[in-house]
Amino acid sequence: MSAPSDDDTDSELRKYAPKWSREQPATPTAERLRQVSTSASTVPSFEEEHQDRRVRPLWPGPGPEPPARREDGLLAPIGQMALVAIVAAVVALLIVFGKPLLEGVSPLNSDSQTKQASKPSDRLTATDAPANKALVPAAGIAAAPGAAPSATAQAQAPLSSTQGQQAALSPISKPLGQEGSVSSAFRGVTDSEIRFGISAPFTGAAKELGQNMKRGIETAFNVANAKGGVYGRQLRLIAADDGYEPARAAVTMKQLYERDQVFGLIGNVGTPTAVVALPYALDRKMLFFGAFTGAGLLRNDPPDRYVFNYRASYVEETAAVVNYLVKVRRLLPEQIAVFAQQDAYGDSGFAGVEKAIRSLRGGIESPILRLNYQRNTVDVEDAVAQLQQNNAQLQQKKRLPIKAVIMVPAYRAAAKFIEKTRDLYPDMIYTSVSFVGSTALADELMLLGKKYATGVIVTQVVPAVDGHSSLVLEYKSALAKYFPGDAPDYVSLEGYVDASVLIAALQRNGPQLDTERLVGSFESLRDLDIGLGTPVTFSRSEHQGVHKVWGTQLNETGHYQPIDLQ
């Protein structure tokens with residue numbers, strides 16, 4: 001009797017299988033062997049094996065044959081080893097590339113890493129980085145007017161790659177007695193310095209004005225830096241020579257903003273150059289502080305948000321001298337003429353004289369003789385000829401001649417005009433606004449002879465340099481220390497006062513510095529006493545700190561003596 005076949009055995013056992021299995025057609029033994037052989041010869045990939053495991057149903061059919069299970073056991077360790085290798089590679093990459101990124105932002109979040117980065121040998125300053133790369137433009141960071149981001153908000157804000165580099169490169173300085181410095185990504189501000197710019201003439205006919213203004217600012221900066229700076233930051237002044245020409249001022253302003261990346265401007269010299277420089281600064285929301293000009297374009301009502309002036313205006317200077325000539329020297333308004341530069345500077349001064357005379361006449365307009373000359377020249381011949389012609393006509397009409405000339409010039413043109421007219425009119429009264437450059441004018445006139453200097457009046461926006469006020473004494477001491485051999489000067493004294501007021505505002509501002517926050521600090525500055533004899537005060541509607549005008553007059557030795565203009 002033959003043994004039962006596999007097919008018969010299957011049929012017998014089949015009745016004990018689940019219903020779904022019984023309903024499937026039987027598979028011959030040969031076919032099953034062929035299937036097993038085929039599956040054993042095909043080794044699935046790691047991904048395919050795990051994918052099969054994910055989609056395999058609970059009851060897929062007949063259980064897998066033993067050969068397939070042996071292959072599965074062999075592949076599992078290989079797949080696990082591959083997975084571990086991939087994870088290890090990812091971790092290694094994070095360690096290699098993630099560490100510099102973490103170090104880039106650590107100055108904002110970690111005191112310990114900040115101290116490590118503060119070693120001079122281990123860091124770079126912002127000036128070592130390429131221009132326009134390491135610092136973020138002000139327009140991209142400045143807060144809305146009246147609101148500045150808190151230190152916490154800045155620390156939590158995501159940093160761009162450029163900002164991260166800047167934070168990592170910024171050095172830290174913590175002078176004795178001051179708060180720890182705070183990181184800043186604002187243009188011109190690093191952990192170690194604040195950069196300011198000045199556009200002024202350092203060559204040409206008005207070079208003494210720019211040189212003295214720069215010297216006065218740097219003197220005050222040096223005094224502050226010797227005491228540790230402002231919240232650990234040293235004050236730095238970057239100068240650009242515009243030659244007192246508007247076209248060149250357009251170039252210097254772009255240079256200071258784009259290449260030198262200055263935080264703001266201080267002490268820019270001149271009105272015609274301000275016509276170009278001021279709109280450029282306002283468009284970029286840059287601080288425009290302490291310009292050496294009394295022109296009305298910097299004194300709008302309401303004031304421009306980013307413009308602050310220390311000094312009295314030309315309107316105030318010319319009003320003071322007109323009142324002096326009429327009420328103290330007893331001249332008639334028609335006996336006053338104006339010698340002015342033929343540009344925005346001269347226009348501003350002439351407008352001030354017109355306004356003062358109109359006020360004295362109860363609002364009645366009257367013609368005023370204006371004698372012009374071209375900027376950056378000493379060509380005064382036409383002005384002299386015009387004065388002679390006008391006086392000859394007045395004499396023919398039996399009217400009083402011109403007895404006083406209010407000058408709105410630069411010092412060399414003023415000296416040349418006095419030289420050409422002093423012998424013609426020995427009793428002429430000459431006055432000038434402060435922009436003339438008092439010391440330079442005195443030097444020019446004394447070279448001509450004491451008769452040309454004696455009696456010349458210059459209105460000032462600072463106290464007398466020959467005085468003994470605490471401010472003047474401090475200025476002279478600091479000037480002698482940092483610029484030995486340079487004589488005290490009204491322009492450099494004004495620069496010193498400008499910088500002193502700016503430093504007071506920076507100290508009030510606190511360590512977290514940006515333009516909007518500093519504007520708020522200026523507008524809250526009240527009754528600041530720096531030794532002027534008059535307080536310095538700003539507000540939201542008043543961006544000129546001082547309105548006082550001092551009177552000075554040259555004696556035969558070439559020194560200015562105080563005079564009362566009232």
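Residues numbered from 1 in each chain as written. Predicted model: local features only at pLDDT ≥ 70, side-chain atom pairs only at ≥ 80, totals over all residues. Heavy atoms only, no water.

A. Examining the overall build of the chain more closely. Secondary structure summary: the chain contains 21 helices and 12 strands in total. By residue count, 46% of the 566 residues in the chain fall in the buried class. A sequence separation of at least 24 residues applies to 71% of the contacts in the chain between residues at least 6 apart. Carbon and sulfur atoms make up 55% of the accessible area of the chain, which totals about 27700 Å². (Helix = DSSP H or I, 4+ residues; strand = E, 2+ residues; numbered from the N terminus. Buried < 20%, exposed > 50% of the residue type's maximum accessible area, 1.4 Å probe, protein only. Contact = heavy atoms within 4.5 Å. Areas by Shrake-Rupley, 256 points an atom, 1.4 Å probe, with all protein chains shown as cover.)

B. Quick look at the side chain of Thr 271. Relative to the helices and strands, Thr 271 is located in helix α12 (residues 271-283). Excluding residues within four positions of it along the chain, Thr 271 makes contact with Thr 293, Ala 295, Leu 297, Tyr 314, Ala 344 and Tyr 345.

C. Focus on the pairing of strand β6 (residues 336-341). The buried count for β6 comes to 6 of 6 residues, which makes it a mostly enclosed element. Where β6 lies against strand β8 (residues 404-408), 5 bridges are found, and the strand directions are parallel. Bridge pairing in β8 places Ala 337 opposite Val 405. Inspection of the sheet shows β6 paired to strand β7 (residues 370-373) by 4 bridges, in the parallel sense. Paired with Ala 340 across the bridge in β7 is Asn 372. What joins β6 to β7 is helix α14 (residues 344-360), and the crossover it makes is right-handed. (Pairing = 2+ DSSP bridges. Right-handed = clockwise from strand over helix to strand, strands pointing away.)

D. Representation of the side chain of Ser 492 within the structure. Mapping Ser 492 onto the fold places it in helix α20 (residues 490-509). The exposure class assigned to Ser 492 is buried, which follows from its relative accessible area of 1%.

E. Quick peek at the pattern of salt bridges. Counting across every chain of the model gives 19 salt bridges. Arg 236 serves as the salt-bridge partner of Glu 193, at 3.4 Å between the closest nitrogen and oxygen. Of this pair, Glu 193 sits in strand β1 (residues 193-200) while Arg 236 sits in strand β2 (residues 234-241); the two residues are 43 residues apart in sequence, bridging distant segments of the chain. By relative accessible area, which is 13% here, Glu 193 ends up buried. When its relative accessible area of 33% is taken as the criterion, Arg 236 is described as partly exposed. (Salt bridge = Lys/Arg side-chain N within 4 Å of Asp/Glu carboxyl O.)

F. Structural context of the sheet that holds strand β3 (residues 264-266). Across the sheet, 5 strands lie side by side as β2-β1-β3-β4-β5; this open sheet has parallel pairing. In the strand order of this sheet, the two ends are held by β2 and β5 (307-308), each with one partner. For β1 and β2, the ladder comprises 8 bridges, and the chain directions are parallel. The partner of Ala 200 across the bridge, within β2, is Asp 241. The strands touched by helix α21 (residues 515-523) within the sheet are β4 (287-289) and β5, with β4 carrying the most contacts at an inclination of about 35 degrees. (Axes fitted to C-alpha atoms, helices over the stretch in contact; angles between N-to-C directions.)

G. How the structure looks around the nonpolar core. One finds Phe 196, Phe 417, Leu 441, Val 501 and Phe 522 to be the most contacted residues of the largest nonpolar core, which totals 124 residues. The element that contributes the greatest number of residues to this core is α20, accounting for 12 residues. Every residue in contact with Phe 417, bar those within four places of it in the chain, is listed here: Phe 339, Leu 371, Val 380, Ala 383, Val 384, Leu 387, Val 405, Met 407 and Tyr 430. (Core = buried A, V, L, I, M, F, W, Y, C linked by side-chain atoms within 4.5 Å.)

H. Main features of the confidence of the model for the chain. Per-residue confidence for the chain averages 79 on the pLDDT scale, and 68% of its residues sit at or above 70. Within the model, pLDDT remains below 50 along residues 1-13, and this stretch shows 3 contacts once partners closer than five positions in the same chain are excluded. Counted against residues more than four places away or in other chains, residues 15-21, with its pLDDT under 50, gives 5 contacts. (pLDDT = per-residue confidence, 0-100.)

I. Unusual backbone geometry, seen in detail. That bond from Asp 301 to Pro 302 is cis: its omega, 0 degrees, falls within 30 degrees of zero. Along the chain, the position of Pro 302 falls in the loop between β4 and β5. Positive phi values are uncommon outside glycine, yet Tyr 231 reaches one of about 55 degrees. Relative to the helices and strands, Tyr 231 is located in the loop between α10 (207-226) and β2. For Tyr 231, a relative accessible area of 17% corresponds to the buried category. You will see that Arg 330, though not glycine, has its phi angle at about 65 degrees, which is positive. Here Arg 330 lies in the loop between α13 (314-328) and β6.

J. Examining the packing of aromatic side chains more closely. Counted under the stated rule, the structure contains 17 aromatic pairs. Where Phe 308 meets Phe 538, the ring centres are 5.7 Å apart and the plane angle is 80 degrees; that geometry is what we call edge-to-face. Here Phe 538 lies in the loop between α21 and β11 (550-554) and Phe 308 lies in strand β5, a separation of 230 residues in the sequence. By relative accessible area, which is 0% here, Phe 308 ends up buried. Of the aromatic side chains, those joined through ring pairs into one cluster are Tyr 244, Phe 292, Tyr 314, Tyr 345 and Phe 435. The aromatic ring of Tyr 280 is capped on one face by Arg 284, whose charged end is 3.6 Å from the ring centroid. (Phe/Tyr/Trp six-rings, centres within 6.5 Å; stacked < 30°, edge-to-face > 60°. Lys NZ or Arg CZ within 6 Å of the ring centre and 35° of its normal.)

K. Region of the structure containing α14. For α14, with 17 residues, the first-to-last C-alpha span of 25 Å sits near the 24 Å given by 1.5 Å per residue. Along α14, the residues classified as buried are Tyr 345, Gly 346, Ser 348, Gly 349, Phe 350, Gly 352, Val 353, Ala 356 and Ile 357. On its buried side, α14 packs onto α12, α13, β6, β7 and β8. Positive phi shows up at Gly 362, right after α14, with a value of about 70 degrees. (Expected span 1.5 Å × (residues − 1).)

L. Geometry of the sheet that holds strand β9 (residues 429-432). One open sheet accounts for 7 strands, arranged β7-β6-β8-β9-β10-β11-β12; its pairing is mixed. Across the chains shown, the open sheet's two edge strands, defined by having one partner strand only, are β7 and β12 (560-563). When strand polarity is set aside, the average angle formed by the axes of neighbouring strands in this sheet is 25 degrees. Two elements, β11 and β12, share 4 bridges in a ladder whose sense is antiparallel. Residue pairing for β12: Gly 551 is matched across the bridge by Ile 563.

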